[in-house]
Amino acid sequence: MMVNSTGSAGSKHLIALVGFGTVATGLCKILLEKREHLSAAHGFDFEIVAVSTRSRGTIYNPQGFSLPELINLSQSTTPFENHLQDWDSEAMIRKSNATVVVELAHTDLNTAEPALTHCRAAFETGKHVISGNKGPAAIAYSELSALASKHKLLFLNEATVLSGTPVFSFVHNTLGGNRIKRIRGILNGTTNFILSEMQSGSSYESTLAVAADRGYLEADPAADIEGYDAQAKLAILANILLDTPLELGQVKRSGISSITSEDIKAAEQEGKRWKLVGTLSIENNTVQAEVKAEKLPLDDPLAQVMGTLNAITFSTDLLGDITITGPGAGSIETGYSILSDLLILNGQETS
Ligand code: HSE
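Note that the structure is a prediction, hence the values are computed from the model and not measured.

Participant: Looking at this structure, I do not really get the overall build of the chain. What am I missing?
Facilitator: Helices and strands together make up the secondary structure of the chain, namely 13 helices and 15 strands. Across the 351 residues of the chain, 53% fall into the buried class. Considering only residue pairs separated by 6 or more positions, the chain has 70% of its internal contacts joining residues 24 or more positions apart. Put simply, the chain shows about 15,300 Å² of open surface, and 48% of that area lies on carbon and sulfur atoms.

Below, the structure written as structure tokens:
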């Protein structure tokens, strides 16, 4: 049983947002539009009680902020004024009345900080974690999932791979009973967009500039172009779906920077397309993991995935290959994945 903002028993989820960028904005917009539906159809009731940022400060209202007010605030970059607290993100997590922390701070694939500290603080103070940040699940999944279990809390990461397109819930809920023998996917939207545009005749440099303009790129574009982002997503897939923890360094990695327009044209003449593909192969309980550019024949479902779309083919023992495809990035799309994890949390607490 949770305690709501008025201190009485109830099932209202009190959400703290760590980070207030495009994903948080997308989530707020969805929650505003769907509040009544989510309550009526799913018994999902919530308030956003706290928001912390690196540059604008932390705001806290234990009764919950109005969503239009938050959306309005998200359109600006000036320091917060009303409801300001002298808290950094960790203090907000430890001291607020939140029941669930949504971790959307910047991704660091070397240390997973500050998100790792945020997750530990949340679990130590009895709060669930829904992370859109790839660092914790790529680098410290075993530790954090054990800590969450110890405190009977959830650590959910749907947003980290394929954005709002379901991956973890799909495998857990829909593919149950299958053994997964291989996972192969287009896991990075930026590089898929660049390769698709180059196929239409645009240059690598001009396409990279468009990708930057549209906000597809990671803070360090090398994370996309050189395959680090896809490498982290492969590690997350292994950590969450295969019970086989992988260190990032165990995932071989190369990117797309060496692929030229000539390479793309030559592949086209062979009836093939270049794609940045991440593969996890499981044999005799050993996992091989690699991200690299591959020339795929057009009858491979992954060859048909264009632009910023992502896709994963799961090779299973009972069903053969199942491919899911959908958005791999975006404000509403990734905001939706946070909502889908909130609904999992809600389902568990009301069951
Ligand atoms: N930069 C990432 C991509 C964002 O392009 O796929 C979503 O993880």
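Participant: Help me understand the sheet that holds strand 7 (residues 100-103), please; the structure alone is not making it clear to me.
Facilitator: Sheets are built from strands that pair by backbone hydrogen bonding, the pairs being arranged parallel or antiparallel. Reading across from one edge, 6-5-4-3-7-8-9 is the order of the seven strands in this open sheet, with mixed pairing throughout. Looking along the sheet, the strands with just one partner apiece sit at the ends: strand 6 (84-85) and strand 9 (155-156). On the sheet, helix 2 (residues 67-74) packs against strand 4 (46-52) and strand 5 (58-60) and is oriented at approximately 25 degrees with respect to strand 4. Sheet contacts for helix 13 (residues 331-350): strand 3 (13-18), strand 7, strand 8 (128-131) and strand 9; angle to strand 8, the most-contacted strand, approximately 155 degrees.

Participant: How do you make sense of the site of the ligand when you look at a structure like this?
Facilitator: All residues in the neighbourhood of the ligand are listed as Lys134, Asn188, Gly189, Thr190, Tyr216, Glu218, Asp224, Asp229, Lys233, Gly328 and Ala329. Here Tyr216 contributes a backbone N or O atom positioned 3.0 Å from a nitrogen atom of the ligand. Asp224 has a polar side-chain atom sitting 2.8 Å from a nitrogen atom of the ligand. Protein coverage of the free-state accessible area of the ligand, which is 260 Å², stands at 89%. Going through the elements one at a time, helix 8 (189-199) and helix 11 (228-241) are the ones with two or more residues in the shell around the ligand. Of the residues contributing to the shell around the ligand, the split by class is two nonpolar, four polar and five charged.

Participant: What should I look at first to understand the sheet that holds strand 12 (residues 272-283) in this one?
Facilitator: In space, the six strands of this open sheet follow the order 11-13-12-10-14-15, with mixed pairing throughout. Among the strands making up the open sheet, the edge pair consists of strand 11 (251-253) and strand 15 (320-327). Going from strand to strand, the sheet's axes swing by 20 degrees on average, the running direction of each strand aside. Of the pairings in the sheet, the one linking strand 12 to strand 13 (residues 286-297) comprises 12 bridges and is antiparallel in character. Along strand 13, the bridge assignment pairs Arg273 with Leu296.

Participant: How should I be thinking about the nonpolar core in this particular structure?
Facilitator: Nonpolar side chains in soluble globular proteins generally cluster together in the buried interior. Val167, Leu237, Leu241, Leu280, Ile312 and Phe314 are the most contacted members of the largest nonpolar core, which totals 72 residues. Lining this core are residues from two domains, each supplying at least three of them: domain 1 (13-164 + 332-350) and domain 2 (175-327). Excluding its chain neighbours within four sequence positions, the residues that come into contact with Phe314 are Val167, Phe170, Val171, Leu175, Ile180, Arg182, Ile183, Leu241, Gly320, Asp321, Ile322 and Ile324.

Participant: Mind showing me how you'd approach the domain arrangement of the chain here?
Facilitator: Often the size quoted for an interface is simply the accessible area lost on bringing the parts together. Looking at the assigned domains, one finds that the chain contains domain 1 (13-164 + 332-350) and domain 2 (175-327). Computed from C-alpha coordinates alone, the two centres of domain 1 and domain 2 are separated by 28 Å. Each partner contributes to the interface: domain 1 provides 14 residues, whereas domain 2 provides 20 residues. Overall, the association of domain 1 and domain 2 removes approximately 1,300 Å² of surface from exposure, summing both partners, and the carbon and sulfur fraction of that is 71%. Put simply, domain 1 and domain 2 have two salt bridges between them. One salt bridge in this structure joins Asp229 and Lys134, with 2.6 Å as the shortest N-O distance. Here domain 1 is connected to domain 2 by three residue pairs in polar contact (both at pLDDT 80 or more). At the level of secondary structure, the elements contributing two or more residues to the side of domain 1 that touches domain 2 comprise helix 5 (134-139) and helix 6 (141-150). It is helix 5 that contributes the most residues to the side of domain 1 that touches domain 2, four residues altogether. Broken down by class, the residue content of the side of domain 1 that touches domain 2 amounts to seven nonpolar, five polar and two charged.

Participant: I tried to follow the pattern of salt bridges on my own but got confused; where do I start?
Facilitator: Any two side chains of opposite charge can pair, so long as their charged atoms come close to each other. In the structure shown here, the tally under the stated rule is 11 salt bridges. For the salt bridge of Arg184 with Asp300, the shortest nitrogen-to-oxygen distance reads 2.7 Å. With Arg184 in strand 10 (residues 180-186) and Asp300 in the loop between strand 13 and strand 14 (309-316), this pair connects stretches of sequence that are 116 residues apart. Assessed through its relative accessible area of 10%, Arg184 is described here as buried. A single network of salt bridges, built from pairs that share partners, joins Lys134, Glu218, Asp229 and Lys233.

Participant: Sorry if this is basic, but what is going on with helix 6 here?
Facilitator: Each full turn of the α-helix corresponds to 3.6 residues, which orients residues three or four apart in the same direction. All of the buried residues in helix 6 are Tyr141, Leu144, Leu147 and Ala148. Angularly, the buried residues of helix 6 cover 135 degrees about the axis, an arc narrow enough to put them on a single face. Exposed and oriented more than 90 degrees from the buried face of helix 6 are Ser149 and Lys150. Looking at the buried residues of helix 6, the elements they touch are helix 4 (115-124), helix 5, strand 9 and helix 11. Phi turns positive, to about 55 degrees, at Lys152, one or two residues after helix 6.

About the criteria used
Counting from 1, residues in each chain are numbered in the order their sequence is written. At least 70 in pLDDT is required for a residue's local features to be given in this predicted model, at least 80 for side-chain atom pairs to be given and counted, and no such filter applies to totals for whole chains, interfaces and linings, which use all residues. The side-chain numbers reported here are obtained from all heavy atoms of the structure, hydrogens and water having been left aside. Secondary structure elements follow DSSP: runs of H or I no shorter than four residues count as helices, runs of E no shorter than two count as strands, and numbering proceeds from the N terminus. Buried, partly exposed and exposed residues are distinguished by accessible area as a fraction of the type maximum, computed with a 1.4 Å probe on protein chains only: under 20%, between the cut-offs, and over 50%, respectively. Working rule for contacts: check all heavy atoms of both residues, and any pair within 4.5 Å makes them a contact. Methods summary: accessible areas were calculated by the Shrake-Rupley approach with a probe of 1.4 Å, and residue burial reflects only the protein chains presented. When DSSP locates at least two bridges between a pair of strands, those strands are taken to pair. The angle between two axes is taken between their N-to-C directions and runs from 0 to 180 degrees, where each axis is a line fitted to C-alpha atoms and a helix contributes only its stretch in contact. Nearness is defined per residue: one heavy atom within 4 Å of the molecule or strand is enough. Two N or O atoms count as a polar contact when they lie within 3.5 Å, although within protein this holds only if one can serve as hydrogen donor and the other as acceptor, and sequence-adjacent residues are included solely when both atoms are side-chain atoms. Amino acids are sorted into nonpolar (Ala, Val, Leu, Ile, Met, Phe, Trp, Tyr, Cys and Pro), charged (Asp, Glu, Lys and Arg) and polar (every other residue, Gly among them). We define the nonpolar core as a collection of buried residues of types Ala, Val, Leu, Ile, Met, Phe, Trp, Tyr and Cys that are connected through side-chain atoms lying within 4.5 Å of one another. In this document the domain limits rely on a domain assignment from an automatic tool or a database. Here's the idea: put two parts together, see how much 1.4 Å probe accessible area each one loses, and the total over both is what we call buried area. We count a salt bridge whenever a side-chain nitrogen from Lys or Arg sits within 4 Å of a carboxyl oxygen from Asp or Glu. The reported arc concerns the directions from the helix axis to the C-beta atoms and nothing else.

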